[in-house]
Amino acid sequence: MESTNHGEGPVAASNRRYIPLNDVLPPLETLVVAIEGSVDPDGVCCLSIPNRVLGDWANNREKNTSFVALANEYIVDEAITLNPEAARLEDILYRKSLGVVSKVRAARGVNRKNALLRSTTITILNGETISAADLQSELNEVTYLNEEADAFIEGLQEEVQDLKDALSEAQDSQNNPGGKIDAVSNRHARRKIQEVSEHANKALEFLSTYGLVAESLKVHTTSGKTFHIPFSDDAASENEDTVDLRVLYILDRYGIAQDATSFQPNQKIKVRISGDGAKFSRTSSFVLLSYAILMPVGRYLSGIGNHTIAVVKGAEDYDTISTAFAATFQEIDGLQQLGFVAVNGVSYNIELFFSSDMKFMLTMLGLNAANSIYACPKCTVHRDCRWDVSKPESYYSTTMARTLVTNRRAFASHGRTAAVHQGSVNRPLTAIPVDHMMIDELHLFLRIFDVMLRNLIKMSEPQTQQLVAYIRSCGVSFTIWESESSDGKVEWTSLTGEAKKKVLKLLPSKMKDIPLPNAFLDDVVQLWKDFEVLYNLLSSETPPPNAADDIHLKAKRWIQLFLRIKSDGHQKKFVTTYFHVMVYHVPDAIRQFGNMKQFSCQGVEKHKDDSKRNYFSSNHWDAPAEIMLAEHRLELLQQYAREKRHYTKHAAAYWHEGGMQEMRSQMRETLKY
């Protein structure tokens, strides 16, 4: 007599439901679960399971082994993997297997044989499978995280070794490498006394734990000569070495200052990392990484507020940056993970940001070029949808937002279509979150201004010389000429950032006299005026409380006005990534971090100019090292810099309204005669 067992483990032979097998039936081990197409529109596919297999599962499956797991072992070529958490599928397989056992028990002879030869079809719905691509993506993610962990551990080991080496060097440096004080000149003896003072000051730091302060040290030589060494800087008199330092500073003629701001231990310090490529000469290109502390306000906008982290001679591409700066990025990621830095035994909380132009930022995130289909560093907007400003403000920062995790997963699927990898062609280079990768407001202004100026030149053809005259009247040097190449394209002077801001401010009031088509003259004038208002608002260091909402609304209206002008250069395809960023991502950044000015690369550009001067003052044998050494030397000598005199510009017409340019033109005309 047969008994019922619900699969809680093997049972005794006398109680097991046996399905009689005929010699004509194929061996059980040759049977597989086949995959068929699904008739159900909600189905992914169908499984065709031989009844003999279902019966064997019902009789012989072991304890804690699910039917889904057994099915995965029988699926042909492992084409798909069933989800072990699919409860509906587990229940169906359980009931179907019991049903097969009941039918076989009730059948006799040929009917039993036919029942065993048949197959049962089960529909697999969405969510009940795990695709090979998903498994591979998870495997790639785990592999990548393991590699990161190994690299981080290796970096820590190297840091420990560096600390040991530094400690050994510090101990060795305290020994006197030269002759004794009695055996050297007076000038050399003073230098040795200074070294003794520094070593003794460090050795006596423990006195502060007792509430004691060492003011001086009295020593004498073996010959009986006594030296009184003061520890106070005020007590030290100036010697001839000070003059040497001043001369050395004058030779360099510029400086990089240490950040003299005092911070509280519980105060969060914002640190901005920046990167940029620079062509120092016709044949020499460099890539620089720098940092700036975003306090005090305004210091980071100057060259002395930015400090070089690393320099490499090479092209500004992913291979060069990822290889040359690998150790630097590991240290940055370590700081990002720790969230603090220790200085003289005191811990300071830090918050890391990254800011650069669009090309360098896309490289840091492992994304494709700025002219690719998915070129926004913040979201996955398609190139053909950048002009569409009908979406709500939060749409691209939530539904389509990029993160480091999504970028890594998209990179794992690289090799498929662009719609799958969405521009992620490389791994991100740092662990700084995407919401802390900030758009540079300066380059945003420069690139959008370039589009507006290009369109203005096209609309003024063939009477471009009148436009040149009006732009020059704004106080900038400007020329339009025809290219020397065979294509005959029109080229014009590349204006500096300050010159572009001056043209943006003064030119709209003069556009009425520029020969432009009357059909959209008013719209062009309004476009320039609105962009000036918009840029002044988004670049303010102290924006009003409602600035984020105001910028979003004004930027939407500005793009709509841009597209309303029916002329060449105002089509949807000319709405670049910077346009989209201005509408949807700048307001979010202002709302989250207060203002965009602190992430401006204005100081980075000035710092790059300083590094370029260092390059030309070097012997070019090891230019990157010489650039950093000169910068560090000037940082140490900053106290000897000459203070600039304050000058107030009273004549606004001369400095800001073209008076200086007009006077220079008159001087040139005078020199002709």
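Computed from a predicted structure; not experimentally measured.

Considerations on the overall build of the protein chain
Next, step 1: Of the regular secondary structure elements, the protein chain holds 24 helices and 15 strands.
Next, step 2: Every one of the 673 residues in the protein chain was classed for burial, and the buried ones make up 41%.
Next, step 3: For the protein chain, the exposed area adds up to about 37,800 Å²; of that, 52% sits on carbon and sulfur atoms.

Observations regarding the environment of L367
Next, step 1: With respect to the secondary-structure elements, L367 resides in the loop between α10 (358-364) and α11 (395-398).
Next, step 2: Linking L367 and Y318, residues 49 residues apart in sequence, is a C-alpha distance of 9.6 Å.
Next, step 3: Residues contacting L367, with those up to four places away along its chain left out, are L362, C376, P377, R402, N407, G423, S424 and V425.

Here we look at the side chain of T308
Next, step 1: Mapped onto the elements of the fold, T308 is located in strand β10 (residues 307-313).
Next, step 2: Those residues in contact with T308 that lie beyond four places of it in its chain are L289, S290, H607, S611, M628 and E631.

Observations concerning helix α20 (residues 586-593)
Next, step 1: Within α20, the full set of buried residues consists of V586, P587, A589, I590 and F593. Seen end-on, α20 carries its buried residues on one side only, within an arc spanning 160 degrees.
Next, step 2: Just downstream of α20, G594 is the residue with a positive phi angle, here 100 degrees.

Describing the environment of T464
Next, step 1: Along the chain, T464 falls in helix α15 (residues 464-472).
Next, step 2: Between the alpha carbons of T464 and W481 there is a distance of 9.5 Å; along the sequence they are 17 residues apart.
Next, step 3: Non-local contacts of T464, meaning those with residues more than four positions away in its chain, are made with I457 and I480.

Notes on the confidence of the model for the protein chain
Next, step 1: On average, residues of the protein chain score 78 in pLDDT, and 81% of them are at 70 or above.
Next, step 2: Element-level mean pLDDT values for the protein chain span from 38 in helix α7 (residues 240-252) up to 94 in helix α19 (residues 577-584).
Next, step 3: Ignoring residues within four places in sequence, the model shows residues 233-261, a span with pLDDT below 50, making 50 contacts including any to other chains.

Digging into helix α14 (residues 441-460)
Next, step 1: For α14, spanning 20 residues, the distance from its first C-alpha to its last is 29 Å, which sits close to the expected 28 Å at 1.5 Å a residue.
Next, step 2: Taking burial as the measure, the 20 residues of α14 include 16 buried ones, the bulk of the element.
Next, step 3: In this structure D440 caps α14, since a side-chain oxygen of it lies 3.0 Å from the backbone nitrogen of L442.

Concerning a nonpolar patch on the surface
Next, step 1: On the surface, F206, Y210 and L212 cluster together into a nonpolar patch covering about 370 Å² of accessible area.
Next, step 2: Note that F206 resides in the loop between α6 (186-203) and β6 (216-220).
Next, step 3: You can call F206 partly exposed: its relative accessible area is 44%.

Digging into the pattern of salt bridges
Next, step 1: One pass over the full model with this rule turns up 16 salt bridges.
Next, step 2: K608 is the salt-bridge partner of D276, the closest N and O atoms lying 2.8 Å from each other. A residue pair is termed long-range when its members are at least 10 positions apart, and D276 in strand β8 (residues 269-279) and K608 in helix α21 (residues 602-616) qualify at 332 residues. Of the two residues, D276 and K608, neither departs from the other in class, the shared state being buried.
Next, step 3: Linked through salt bridges whose partners overlap, the residues forming this network are D276, E605 and K608.

Considering the nonpolar core
Next, step 1: In terms of nonpolar packing, the biggest core is built from 104 residues, with W528 and W558 touching the most fellow members.
Next, step 2: Contacts of W528, omitting those with residues within four sequence positions, involve F449, M452, L453, L456, V503, L504, L507, P508 and M511.

A closer look at a negative patch on the surface
Next, step 1: A cluster of acidic side chains, namely D150, E154, E158, E159, D162, D165 and E331, defines a negative patch on the protein surface.
Next, step 2: Here the negative patch gets six residues from one element, more than from any other, and that element is helix α5 (residues 132-173).
Next, step 3: Position of D150 among the secondary structure elements: in helix α5.

Looking at empty space enclosed by the protein
Next, step 1: One pass over the structure, following the stated rule, counts four cavities of 30 Å³ or more.
Next, step 2: The computed volume of the largest cavity comes to approximately 40 Å³.
Next, step 3: If you go around the largest cavity, the residues you meet are G275, D276, L288, S290, V604, H607 and K608.
Next, step 4: Looking at the lining of the largest cavity, the elements that each hand over two or more residues are β8, β9 (285-293) and α21.

Some points on the packing of aromatic side chains
Next, step 1: In the structure shown here, the tally under the stated rule is 19 aromatic pairs.
Next, step 2: Arranged with centres 5.9 Å apart and planes meeting at 40 degrees, the rings of F445 and F449 form a pair that is tilted. Linking F445 with F449, this pair stays in helix α14, spanning four residues, or about one helical turn. For the pair shown, F445 and F449 are each scored as buried.
Next, step 3: Taking the centre distance of 5.3 Å and the plane angle of 65 degrees together, the rings of F562 and F579 count as edge-to-face. With a gap of 17 residues between them, F562 in helix α18 (residues 547-564) and F579 in helix α19 connect regions that are remote in the sequence. As far as the burial class goes, F562 and F579 line up, both buried.
Next, step 4: Through pairs of rings, three or more aromatic residues link up here, namely F445, F449, W528, F531, Y535, W558, F562 and F579.
Next, step 5: Its guanidinium or amino end placed over the ring of Y395, K391 lies 5.7 Å from that ring's centre, counting from NZ or CZ.

Cut-offs used in this document
Residues numbered from 1 in each chain as written. Predicted model: local features only at pLDDT ≥ 70, side-chain atom pairs only at ≥ 80, totals over all residues. Heavy atoms only, no water. Helix = DSSP H or I, 4+ residues; strand = E, 2+ residues; numbered from the N terminus. Buried < 20%, exposed > 50% of the residue type's maximum accessible area, 1.4 Å probe, protein only. Areas by Shrake-Rupley, 256 points an atom, 1.4 Å probe, with all protein chains shown as cover. Contact = heavy atoms within 4.5 Å. Arc of directions from axis to C-beta. pLDDT = per-residue confidence, 0-100. Expected span 1.5 Å × (residues − 1). Polar contact = N/O pair within 3.5 Å; in protein donor to acceptor, adjacent residues only side chain to side chain. Patch = residues over 30% accessible without salt bridge, like charges linked within 9 Å, V, L, I, M, F, W, Y side chains within 5 Å. Salt bridge = Lys/Arg side-chain N within 4 Å of Asp/Glu carboxyl O. Core = buried A, V, L, I, M, F, W, Y, C linked by side-chain atoms within 4.5 Å. Lys, Arg positive; Asp, Glu negative; His and termini not counted. Charge placed at Lys NZ, Arg CZ, Asp CG, Glu CD. 1 Å grid on protein atoms, 1.4 Å probe; cavity = no way out; pocket = protein on both sides within 12 Å on 5 of 7 lines; lining within 4 Å. Points joined across faces, edges and corners; volume = space filled by probe spheres on them. Phe/Tyr/Trp six-rings, centres within 6.5 Å; stacked < 30°, edge-to-face > 60°. Lys NZ or Arg CZ within 6 Å of the ring centre and 35° of its normal.

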